[in-house]
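Okay, here's what each chain looks like letter by letter:
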Amino acid sequence: MASNRDDPLSFMNPSSSSPIDGDSFLLDPNSNSQIGSASGSFQNEGFLGGLDGAGDAAEFGFFRPEFRQGPLGGTVDCYDRHVFLCYKNPQVWPPRIEAAEFDRLPRLLSAALAARKGDMKKQTRLTICEGHDGTETSNGDVLIFPDMVRYRRLTHFDVDTFVEEVLVKDGEWLPGTPEALRGFYIFVCAHGTRDRRCGVCGPPIIIRFKEEIEFHGLQGKVSVSPCSHIGGHKYAGNVIIFGLSINGEVTGHWYGYVTPDDVPVLLEQHIVKGEIVDLLWRGQMGLSEEDQTRSLELRLQVNGGSNVERITNEPAEANEISRDACGSQVEVVGCQPNGSSPCCQNPSQPENTDNHDLNEREAKLTTEKKSSKRQISLNNSGKGASTRRVCSMPTWFENWEREDTYAALAVVGAALSVAFAYRCYKQLT
């Protein structure tokens, strides 16, 4: 099947293990853009120092012209197994790290996988992720999904044996003992030397993931790491999440067009609830492109697009919630609804056509009696502000007009009834 997507580093195409695409955003593979040191990190050093801040953010970041302009479902090439090699960090990854002369381990592993692709029972994809010696993911560690295992400290001397025993024979590599992986593993493409969009979008997404993981106390349960090119530059930010599904099966879900503001949604929906965020979903490991498309369509039919509506199409307005059902409104920045006020809810009830005219008259009366909107700025715990609309509290006059009028009329009616009954009684006597 023909595909216009960027080819990932995979071993499913007999013609090439490292296909070259013609994307105009790609950097020159021969350019000397390897900035930083192997021990560095984009969180404490300038990530890809060649990028031009605000200019690149507008051209290659979340506000680029083509952002969220195309469909995502069914954009992942079918494959069965994903191998991650932990090796240095994005600052020193060359554009084609699988073919770099001075990066011997990834080059030899890529070549061995390409040479044995016909012998492997599973279509296998190789990706590089960040590795730091002395940490949970040291240089040379290999993570395999959906097997959910880790092999420690692979060296270039062991590549052929490792590929033969583990990936061809589906056995174990005797020099190393496989460690079971638990929890969720999140990989974010941050391969900026390969494509600027990934270099601009990836780092802030990773930082937001780490902040949210720490805030919710998910350390040890959720891991996030930058990774090399996975295919689909135009869908940056690209995120892959591996972990157990609600059915107990290990899945690998791909998300595209992800922004930092989408991170809490992915954690809440995908990690905590086990629900796929359909608007950002590109596909899934183990499914063909056609099956991915059908799966998405089926979920949308069953869910009615409920989790699609949670994310806006414009990242700058991701936190803006409309409350048009309220009669009079006050724009509050950073409103924290307590759930007790109906104005902080979104009932989404259908309009009753029988009361249409009455509603119009009430709305008109309310508009005439209330002042114009006023805007209040609140500090939302330093996390930024979002515009929300809530109903203002009714004045004492409005309360009297709406409630006490009926009580007064009831009293008057009761008095008239008593007077009429007494008059009838006097006439009879």
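See above for the structure.
As a convention, each chain's residues are numbered from 1 in the sequence order in which they are written. Side-chain atom pairs in this predicted model are given and counted only at pLDDT of 80 or more, local residue features only at pLDDT of at least 70, and totals for whole chains, interfaces and linings cover all residues. Only hydrogens and water are set aside when side-chain values are computed; all heavy atoms of the structure are taken into account.

1. Concerning helix H4 (residues 196–215)
Part 1: Helix length check: H4 (20 residues) gives 30 Å between terminal C-alpha atoms against 28 Å at 1.5 Å per residue, within 8%.
Part 2: The largest bend along H4 measures about 25° and falls at Gly202, with the proline Pro203 one to four residues further on.
Part 3: In this structure Asp195 caps H4, since a side-chain oxygen of it lies 2.9 Å from the backbone nitrogen of Arg197.
Part 4: Labels follow the DSSP assignment, with helices taken as runs of H or I lasting at least four residues and strands as runs of E lasting at least two, numbered in each case from the N terminus. Within two residues after H4, Gly217 carries a phi angle of roughly 65°, on the positive side. Multiply 1.5 Å by the residue count of a helix minus one, and that product is the helix's expected span. Here the bend at a residue means the angle between the axes of two seven-residue stretches, the one that ends at it and the one that starts at it. Counted as a polar contact is a pair of N or O atoms within 3.5 Å, where, for protein atoms, one must be capable of donating a hydrogen and the other of accepting one, and residues adjacent in sequence contribute only when both atoms are in side chains.

2. Observations regarding the pairing of strand E7 (residues 222–227)
Remark: a regular strand shows side chains that alternate across the two faces of the sheet.
Part 1: When a residue's accessible area, from a 1.4 Å probe over protein chains only, is under 20% of the maximum for its type it is buried; when over 50% it is exposed; and in between it is partly exposed. Here E7 lies mainly inside the structure; 5 of its 6 residues are buried.
Part 2: By definition, two strands form a pair when at least two bridges between them are found by DSSP. In this structure, strand E6 (residues 184–189) lies alongside E7, joined through 6 bridges in parallel fashion. Across the sheet, Cys189 pairs through a bridge with Cys227, a residue of E7.
Part 3: Note that the unit made of E6, H4 and E7 has a crossover that is right-handed. Look down the strands so they point away from you; if the path from the first strand over the helix to the second goes clockwise, the crossover is right-handed.

3. Quick word on the nonpolar core
Part 1: One finds Phe145, Phe187, Phe209, Val239 and Tyr255 to be the most contacted residues of the largest nonpolar core, which totals 51 residues.
Part 2: Elements that contribute at least two residues to this core include exactly strand E1 (81–86), strand E3 (142–145), E6, H4, E7, strand E8 (239–244), strand E9 (250–255) and helix H5 (263–272).
Part 3: When we break this core down by domain, the ones giving at least three residues each are domain 1 (79–180) and domain 2 (182–290).
Part 4: Contacts were defined at the residue level, with two residues in contact if any of their heavy atoms lie within 4.5 Å. Non-local contacts of Val239, meaning those with residues more than four positions away in its chain, are made with Ile186, Phe187, Val188, Ile205, Phe209, His253, Trp254, Tyr255 and Val258.
Part 5: The term nonpolar core refers to a set of buried residues drawn from Ala, Val, Leu, Ile, Met, Phe, Trp, Tyr and Cys, joined through side-chain atoms within 4.5 Å. Ile144, Val159, Val163 and Trp173 belong to the second-largest nonpolar core, a separate cluster that totals 24 residues. Boundaries of every domain are those given by an automatic assignment or by a domain database.

4. Notes on the packing of H4 against H5
Part 1: Where H4 contacts H5, the two axes come as close as 9 Å, and the packing angle between them is 55°. Taken as axis vectors, H4 and H5 run oblique relative to one another. For the element pair H4 and H5, the recorded crossing hand is right-handed. Counted together, Ile205, Arg208, Phe209, Glu212 and Ile213 of H4 and Val263, Pro264, Leu266 and Leu267 of H5 form the full contact between these two elements.
Part 2: For the contact of H4 with H5, the class distribution of residues is 7 nonpolar, no polar and 2 charged. All axes here are fitted lines through C-alpha atoms, helices being fitted over the stretch that makes contact, and every angle between N-to-C directions spans 0 to 180 degrees. Any angle that falls under 35 degrees is termed roughly parallel, while one over 145 is termed roughly antiparallel, one within 65 to 115 roughly perpendicular, and all others oblique. Handedness of each helix crossing follows the sense of rotation of the near helix against the far helix: counterclockwise by less than a right angle gives left-handed, clockwise gives right-handed. For this classification, the nonpolar set comprises Ala, Val, Leu, Ile, Met, Phe, Trp, Tyr, Cys and Pro, the charged set comprises Asp, Glu, Lys and Arg, and every other residue, Gly included, is treated as polar.

5. What about the packing of helix H2 (residues 104–115) against helix H3 (residues 159–168)?
Part 1: Running from N to C, H2 and H3 point in directions that differ by 45°, and their axes come no closer than 9 Å. One element, H2, and the other, H3, form an angle in the oblique class. Crossing of H2 against H3: the hand is right-handed. Taking contact as the criterion, the partners of Leu105, Leu108, Leu109, Ala112 and Leu113 in H2 are, on H3, Val159, Asp160, Val163 and Leu167.
Part 2: Here the contact of H2 with H3 is built from residues that sort into 8 nonpolar, no polar and 1 charged.

6. Some remarks on the pattern of salt bridges
Part 1: We count a salt bridge whenever a side-chain nitrogen from Lys or Arg sits within 4 Å of a carboxyl oxygen from Asp or Glu. Tallied over the full model, the rule gives 21 salt bridges.
Part 2: Salt-bridge contacts for Arg150 lead to Glu179; the nearest nitrogen and oxygen are separated by 3.4 Å. Of this pair, Arg150 sits in strand E4 (residues 149–151) while Glu179 sits in strand E5 (residues 179–180), placing them 29 residues apart in sequence.
Part 3: In this structure, the salt-bridge partner of Arg208 is Glu212, at a minimum N-O distance of 3.1 Å. Of this pair, Arg208 and Glu212 are both found in helix H4, 4 residues apart, which corresponds to roughly one turn of the helix.
Part 4: Among the ionic contacts, a cluster of salt bridges with common partners joins Arg116, Asp119, Glu164, Glu165 and Lys169.

7. Topic: the side chain of Thr127
Part 1: Among the secondary structure elements, Thr127 is positioned in strand E2 (residues 124–129).
Part 2: With sequence-adjacent residues up to four places away left out, Thr127 is seen in contact with His82, Val83, Phe84, Leu85, Cys227, Ser228 and Ile230.

8. Quick word on the environment of Glu289
Part 1: Checked against the element boundaries, Glu289 lands in helix H6 (residues 289–303).
Part 2: Linking Glu289 and Gly74, residues 215 residues apart in sequence, is a C-alpha distance of 4.6 Å.

9. Description of unusual backbone geometry
Part 1: Cis geometry is adopted by the peptide bond preceding Pro146, which originates at Phe145 and carries an omega value of 10°.
Part 2: Mapped onto the secondary structure, Pro146 falls in the loop between E3 and E4.
Part 3: For the peptide bond that leads from Ala236 to Gly237, omega is 0°, which places it in the cis range.
Part 4: Phi at Arg68 takes a positive value of approximately 60°, unusual for a residue other than glycine.
Part 5: Note on placement: Arg68 falls in the loop between helix H1 (53–60) and E1.

10. What about the pairing of E6?
Part 1: By the criterion of burial, E6 is predominantly enclosed, with 6 of the 6 residues buried.
Part 2: Of the two faces of E6, the one holding Phe184, Ile186 and Val188 and the one holding Tyr185, Phe187 and Cys189 are both buried throughout.

11. A closer look at the packing of aromatic side chains
Two numbers describe a pair of aromatic rings. These are the distance of the centres and the angle of the planes.
Part 1: Whether two aromatic rings pair depends on their centres lying within 6.5 Å, for rings of Phe, Tyr and Trp, where Trp uses its six-membered ring; planes under 30 degrees apart make the pair stacked, over 60 edge-to-face, and the rest tilted. For the coordinates displayed, the defined rule picks out 14 aromatic pairs.
Part 2: Geometrically, the ring pair formed by Tyr151 and Phe162 is edge-to-face, given 5.4 Å between the ring centres and 85° between the ring planes. Of this pair, Tyr151 sits in strand E4 while Phe162 sits in helix H3, and the two are 11 residues apart along the sequence. As far as burial versus exposure is concerned, Tyr151 and Phe162 are alike and both buried.

12. Concerning the environment of Ser295
Part 1: Mapped onto the secondary structure, Ser295 falls in helix H6.
Part 2: As a C-alpha pair, Ser295 and Gly73 span 222 residues in sequence and 9.0 Å in three-dimensional space.

13. Overview of H6
Part 1: With 15 residues, H6 ought to run about 21 Å at 1.5 Å a step, and its terminal C-alpha atoms sit 21 Å apart, in line with that.
Part 2: Taken together, the buried positions of H6 are occupied by Glu289, Gln292, Leu296 and Arg299. All buried residues of H6 project into a common sector of 90° when viewed along the axis, lining one side. Away from its buried face, by an angle of more than 90 degrees, H6 presents the exposed residues Leu298, Gln301 and Val302.
Part 3: In the core, the buried residues of H6 are packed alongside strand E10 (281–284).
Part 4: Following H6 by one or two positions, Gly304 has its phi on the positive side, about 65°. To obtain the arc, one takes the directions from the helix axis to the C-beta atoms.

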